[in-house]
Amino acid sequence: MNGFEKRRQQKMEQILHAALTLFKKNGFQKVSIKDIAEKANVSQVSIYNYFGNKDELLFEAVKFYLEDQLKAFQAVMENMELSYKDRIRLIIEMKLNETISIHDDFLKAIFSSPSPKLQKLISEFASKDSLPAIYAFLQQGKESGEITANYSPETILLITQIFNEGIRQFPEMYTGINKNERIKEIIEFLFYGFFGKK
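Treat the numbers as computed from the prediction; the structure is a model and nothing was measured.

Engineer: Just checking my understanding: could you explain helix α1 (residues 3–26) for this structure?
Structural biologist: Each turn of an α-helix holds 3.6 residues, which means side chains three or four residues apart point in the same direction. The first and last C-alpha atoms of α1 sit 34 Å apart over 24 residues, in line with the 34 Å expected at 1.5 Å per residue. Regarding α1, the residues found buried are M12, I15, L16, A18, A19, L20, L22, F23 and K24. Against the buried residues of α1 lie α2 (33–40), α3 (44–51), α4 (54–77), α5 (84–101) and α6 (104–111). Once α1 finishes, G27 follows within two positions and takes phi at roughly 90 degrees, a positive value.

What follows is the structure, encoded as structure tokens:
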């Protein structure tokens, strides 16, 4: 990559970071190209030159976001300095925090988008990247005896997703001064269920 290409890549990532920050905070519809340009400290013309339009910027921002999240989770999954239990605890905590930080309108723009290109991206990322990585990690826990053999990876993922959806629906129960305690309770419940530690 030569100097020009490197600068171009850096500026595109700068724009994507700015767009994601604003989309996650305010939703997709309420954020304008002008807002993103100001946040990224670039001209609106630069954004149009790099991405063409706001919908294409959304596609690239979602792609960037998914790849970034996967890298963050993989870094934890592969950190052998932590115990398996500490790794899964940290992953759940990261997921819960990320869930509460995303504006509903941004999620709607992603999952209700009429763009076949965007829906294909999400579907293929789940089937080829994120789910295989999570399945492998859960299987590792089952083989080592850290996770009970009574539950399939599919069941574990389903239960985790139910918690994520609940947090989206009732964010007031998760935020505020008891946030850390709430995270601890959710993780403990995922680990030990209704009956607690044996």
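Now that the structure has been shown, the text picks up again.
Engineer: I'm lost on the nonpolar core in this one. Help?
Structural biologist: Across soluble globular proteins, nonpolar side chains have a tendency to be buried as a group. Grouped together as the largest cluster of nonpolar side chains are 50 residues, with contacts concentrated most on I15, F23, I36, I47, L57 and L58. Those elements that place two or more of their residues in this core are α1, α2, α3, α4, α5, α6, α7 (116–144) and α9 (179–192). Setting aside residues no more than four positions away along its own chain, I15 makes contact with I36, A40, V42, I47, Y50, F51 and L57.

Engineer: I keep staring at the packing of aromatic side chains and nothing clicks. Help me out?
Structural biologist: Aromatic ring pairs are described here by two measures, namely the spacing of the ring centres and the angle between the planes. Following the criterion strictly, the structure yields 4 aromatic pairs and no others. Here Y50 and F51 contribute two aromatic rings whose centre-to-centre distance is 6.5 Å and whose plane-to-plane angle is 75 degrees, an arrangement assigned as edge-to-face. For F51, a relative accessible area of 5% translates into the label buried. Chaining the aromatic ring pairs together yields one cluster made of F23, F28 and F106. In this arrangement the basic side chain of K54 is found over the ring face of F28, its NZ or CZ atom lying 4.3 Å from the centre. Taking NZ or CZ as reference, K117 lies 4.4 Å from the ring centre of F59, over its face.

Engineer: Can you walk me through unusual backbone geometry in this structure?
Structural biologist: Working note: non-glycine residues mostly have negative phi, and peptide bonds are mostly trans. For N41, which is not a glycine, the phi torsion comes out positive at approximately 60 degrees. Along the polypeptide, N41 turns up in the loop between α2 and α3.

Engineer: What exactly am I supposed to notice about α4 here?
Structural biologist: Between the first and last C-alpha of α4 there are 34 Å, a value that for 24 residues agrees with the 34 Å anticipated at 1.5 Å per step. The N-terminus of α4 is capped by N53, whose side-chain oxygen sits 3.1 Å from the backbone nitrogen of D55.

Engineer: Is there a simple way to explain the packing of α1 against α4 in this structure?
Structural biologist: Each pair of packed helices gets described by two things: the angle between the helix axes and the distance between those axes. α4 packs onto α1 with a crossing angle of 90 degrees between their chain directions and a minimal axis gap of 9 Å. Our classification of the angle between α1 and α4 gives roughly perpendicular. For the pair α1 and α4, the contacting residues are E13, I15, L16, H17, A19, L20, F23 and K24 in the first and K54, L57, L58, E60, A61, F64 and Y65 in the second. Looking at the contact of α1 with α4 residue by residue, the classes come out as 10 nonpolar, 1 polar and 4 charged.

Engineer: In this structure, what is going on with the pattern of salt bridges? I would like to understand it.
Structural biologist: If the charged atoms of two oppositely charged side chains come close together, the side chains can form a pair. In this structure the tally under the stated criterion is 3 salt bridges. Here E98 ties to K24 by a salt bridge, and the two come within 2.9 Å at their closest N and O atoms. Of the two residues, E98 sits in helix α5 while K24 sits in helix α1, which places them 74 residues apart along the sequence. A salt bridge links K120 to E124; the shortest N-O distance between them is 4.0 Å. In this pair, K120 and E124 both sit in helix α7, 4 residues apart, roughly one turn of the helix. Taking relative accessible area as the criterion, E124 reaches 32% and is therefore assigned partly exposed.

Engineer: Quick question: what am I supposed to make of the packing of α4 against α7 here?
Structural biologist: It is at 11 Å that the axes of α4 and α7 come closest, and there the two elements cross at 0 degrees. With respect to each other, α4 and α7 are oriented roughly parallel. Along its contact with α4, which presents E56, L58, F59, V62, K63, L66, E67, L70, Q74 and M77, the element α7 presents K117, L118, L121, F125, D129, S130, A133 and F137. For the contact of α4 with α7, the per-class residue count stands at 11 nonpolar, 2 polar and 5 charged.

Conventions we followed
- Residues numbered from 1 in each chain as written.
- Predicted model: local features only at pLDDT ≥ 70, side-chain atom pairs only at ≥ 80, totals over all residues.
- Heavy atoms only, no water.
- Helix = DSSP H or I, 4+ residues; strand = E, 2+ residues; numbered from the N terminus.
- Expected span 1.5 Å × (residues − 1).
- Buried < 20%, exposed > 50% of the residue type's maximum accessible area, 1.4 Å probe, protein only.
- Contact = heavy atoms within 4.5 Å.
- Core = buried A, V, L, I, M, F, W, Y, C linked by side-chain atoms within 4.5 Å.
- Phe/Tyr/Trp six-rings, centres within 6.5 Å; stacked < 30°, edge-to-face > 60°.
- Lys NZ or Arg CZ within 6 Å of the ring centre and 35° of its normal.
- Polar contact = N/O pair within 3.5 Å; in protein donor to acceptor, adjacent residues only side chain to side chain.
- Axes fitted to C-alpha atoms, helices over the stretch in contact; angles between N-to-C directions.
- Parallel < 35°, antiparallel > 145°, perpendicular 65-115°, else oblique.
- Nonpolar A, V, L, I, M, F, W, Y, C, P; charged D, E, K, R; others polar.
- Salt bridge = Lys/Arg side-chain N within 4 Å of Asp/Glu carboxyl O.

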